[in-house]
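Now for the letters of each chain:
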Amino acid sequence: MDILKSLGHPEEIFNLFKYKCRSVVPRLDHDSMSDSLRTCYAYLNQTSRSFAAVIQALDGELRHAVCIFYLVLRALDTVEDDMTIPLEQKVPLLHDFHTFLYQPDWCFTESQEKDRRVLEDFPSISVEFRNLGPEYRDVISDICHQMGVGMADFLEKKVGSMKEWDRYCHYVAGLVGVGLSRLFSASQLEDADVGRDTELANSMGLFLQKTNIIRDYLEDQREGRAFWPQEAWSQFTSRLEDFAHPQNLSSALSCLNLLVTDALRHVPDVIAYLSRLRNKSVFNFCAIPQVMAIATLSACYNNPQVFQGVVKIRKGQAVTLMMQATNMSAVQSIIAQYSQEILQKVSMTDPSQEKTLCILTVIREKSLCPAALSTRAHHLSPVYVSAAMLLAALSWQYLNATTGQPPGGADMQGH
């Protein structure tokens, strides 16, 4: 099926073949690992298709630290996601989860989630956590503690305002970005400033999490979960679940586009963060999920399928992005390409049109101007984009709408 979907993209077929042959995924020396560490990498491959390859490509001892960090947070997230665990049991579990890292025999066998194995065999993970250096253990334990408290805080309340959406995403993903950045610096593969700039690191996590929340609308609704912020959806409907009804498609798309626009405002920070990285394996690890996220957002924008099924980028497309996103210039080109795709879909009647065009203008500046990458001092909020640039973008949309020609030019294609 993936081959058929890629027939119009012959480069994806070649890249899929290379991926199937494992030529782009590093092979680990399993013979030198302990039994528990081999088990951890097996769990990594079972629970993550996208992160497993890039984690295994990290240099030196950072690879094991990030693998364990991922599995600890996967276990924590499995507790949060499990709707069968009563609140009176779940809240203490989340609050105390970081302490289980130091309890050799602790495990949890009552979960019904698909990734429950990481809880049932938590001793295999926690023993490898304790084998890490203190500089890594301190980061992982601290982030696990903060995330557990934050997750518990949102168990009994819905995500209301847009600020609360940012706060929720900070707890479940922004802290991951902060923790990873601290691990990068602790490994000395990256400068200390990378670990200290929590604002940029938080944006990296928020961009990924918001993309997932936007894409997973229907799945979350079917599972009884709701993560779209009420401040957004209440502008268009009285009940979030009503977006799944065909008669509400217009309102649903308006809300969808509003949330995609909000997620896009993190892209300038993503560009600034990636521009600071110096180690190639760390860069690849950080860049690949981000380019997959903007490709996913482009696929979701103004797409009715978000409310009818599953929106996914093609596997060949994902593999191609993995292979291309290996330097800053390539990442900028990819971001420019998918930003252009979103721009082509912006409707003159969409309620968020002006804000969408604003942030796309900022992203275009950042992705096409290397000089802007050296500092955040010149980072402009979309609110402060010049009136002239906004007028130009609006005029561009109007001309293309009236002439029937698709917007864009060679300079935005990125390749």
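Residues numbered from 1 in each chain as written. Predicted model: local features only at pLDDT ≥ 70, side-chain atom pairs only at ≥ 80, totals over all residues. Heavy atoms only, no water.

Draft legend 1. The overall build of the protein, seen in detail. For the protein, the helix and strand inventory stands at 21 helices and zero strands. Per-residue burial over the protein gives 53% buried out of 415 residues. Relative to all contacts within the protein whose residues are 6 or more apart in sequence, the contacts with residues 24 or more apart total 72%. (Helix = DSSP H or I, 4+ residues; strand = E, 2+ residues; numbered from the N terminus. Buried < 20%, exposed > 50% of the residue type's maximum accessible area, 1.4 Å probe, protein only. Contact = heavy atoms within 4.5 Å.)

Draft legend 2. Inspection of helix H18 (residues 315-324) at higher detail. In terms of residue burial, H18 counts as a mostly covered element, since seven of its 10 residues are buried. Those residues of H18 lying buried are Gly316, Gln317, Ala318, Val319, Thr320, Leu321 and Met322.

Draft legend 3. Focus on the nonpolar core. One finds Phe97, Trp228, Tyr273 and Leu274 to be the most contacted residues of the largest nonpolar core, which totals 128 residues. Apart from residues lying up to four places away in sequence, phenylalanine 97 is in contact with Val72, Ala75, Leu76, Val79, Trp106, Leu119, Phe122 and Cys144. (Core = buried A, V, L, I, M, F, W, Y, C linked by side-chain atoms within 4.5 Å.)

Draft legend 4. Local environment of the packing of aromatic side chains. Under the definition given, this model contains 16 aromatic pairs. Ring centres of phenylalanine 97 and phenylalanine 100 lie 5.6 Å apart, and the angle between their planes is 70°; this geometry places the pair in the edge-to-face category. One end of the pair, phenylalanine 97, and the other, phenylalanine 100, are both in helix H6 (residues 87-100), three residues apart, so they sit about a helical turn from each other. Per residue, the accessibility class of phenylalanine 97 equals that of phenylalanine 100, and both read buried. Connected via pairs of aromatic rings, a cluster forms that spans Phe97, Phe100, Trp106 and Phe122. (Phe/Tyr/Trp six-rings, centres within 6.5 Å; stacked < 30°, edge-to-face > 60°.)

Draft legend 5. Representation of helix H16 (residues 267-276). Judged by how many residues are buried, H16 sits mostly within the fold: nine of 10 residues are covered. Among the residues making up H16, those that are buried are Val267, Pro268, Asp269, Val270, Ile271, Ala272, Tyr273, Leu274 and Ser275.

Draft legend 6. Inspection of the packing of helix H5 (residues 62-81) against helix H9 (residues 134-153) at higher detail. It is at 11 Å that the axes of H5 and H9 come closest, and there the two elements cross at 20°. When the interaxial angle is binned, H5 and H9 end up roughly parallel. Read as a crossing pair, H5 and H9 show a hand that is right-handed. Contact residues: Leu62, Ala65, Phe69, Val72, Leu73, Leu76, Asp77 and Glu80 in H5; Tyr136, Ile140, Ile143, Cys144, Met147, Gly148 and Met151 in H9. Grouping the amino acids of the contact of H5 with H9 by side-chain chemistry returns 12 nonpolar, one polar and two charged. (Axes fitted to C-alpha atoms, helices over the stretch in contact; angles between N-to-C directions. Parallel < 35°, antiparallel > 145°, perpendicular 65-115°, else oblique. Left-handed = near helix turned anticlockwise from the far one by under 90°. Nonpolar A, V, L, I, M, F, W, Y, C, P; charged D, E, K, R; others polar.)

Draft legend 7. The arrangement of the environment of serine 298 in detail. Residue position: serine 298 is located in helix H17 (residues 280-300). Sequence separation of serine 298 and isoleucine 342 is 44 residues, and the distance between their C-alpha atoms is 5.4 Å. With residues up to four places along the chain from it excluded, the contact list for serine 298 reads Tyr338, Glu341, Ile342 and Lys345.

Draft legend 8. Quick look at the side chain of arginine 225. Here arginine 225 shows up in the loop between helix H13 (217-222) and helix H14 (230-233). Classification of arginine 225 as buried rests on a relative accessible area of 15%. With residues near it in sequence (within four places) discarded, arginine 225 still touches Asp81, Met83, Glu219 and Asp220.

Draft legend 9. Highlighting the environment of alanine 330. Within the secondary structure, alanine 330 is located in helix H19 (residues 328-345). On the basis of relative accessible area, alanine 330 is assigned to the buried category, the value being 18%. The spatial distance from the C-alpha of alanine 330 to the C-alpha of serine 367 is 9.9 Å, given a sequence separation of 37 residues.

Draft legend 10. Summary view of unusual backbone geometry. Located in the positive-phi region is glutamine 188, a residue other than glycine, with phi close to 65°. For glutamine 188, the position within the fold is in the loop between helix H10 (162-186) and helix H11 (192-196).

Draft legend 11. Highlighting the pattern of salt bridges. Scanning the model with the defined rule gives 19 salt bridges in all. Residue arginine 74 pairs with aspartate 77 through a salt bridge whose shortest N-O separation is 3.8 Å. With arginine 74 and aspartate 77 both in helix H5, this residue pair falls three residues apart, about one helical turn. Note that aspartate 197 is salt-bridged to arginine 276, the shortest N-O span being 2.8 Å. Note that aspartate 197 is positioned in the loop between H11 and helix H12 (198-215) and arginine 276 in helix H16, a separation of 79 residues in sequence. (Salt bridge = Lys/Arg side-chain N within 4 Å of Asp/Glu carboxyl O.)

Draft legend 12. Summary view of the side chain of threonine 356. One can find threonine 356 in helix H20 (residues 353-368). Setting aside residues up to four positions removed in sequence, threonine 356 forms contacts with Thr261, Tyr301 and Val346.

Draft legend 13. Structural view of the confidence of the model for the protein. Per-residue pLDDT for the protein has a mean of 83; in total, 81% of the residues score no lower than 70. The element-level mean pLDDT for the protein is lowest in helix H21 (residues 387-403), coming to 38, with helix H15 (residues 249-264) highest at 97. Throughout residues 371-415 the model reports pLDDT below 50, and contacts reaching past four residues in sequence, or to other chains, amount to 64 contacts. (pLDDT = per-residue confidence, 0-100.)

Draft legend 14. Spotlight on the environment of asparagine 302. Its location among the elements puts asparagine 302 in the loop between H17 and H18. Beyond its immediate stretch of four places on either side in the chain, asparagine 302 contacts Leu253, Leu256, Asn257 and Lys345.

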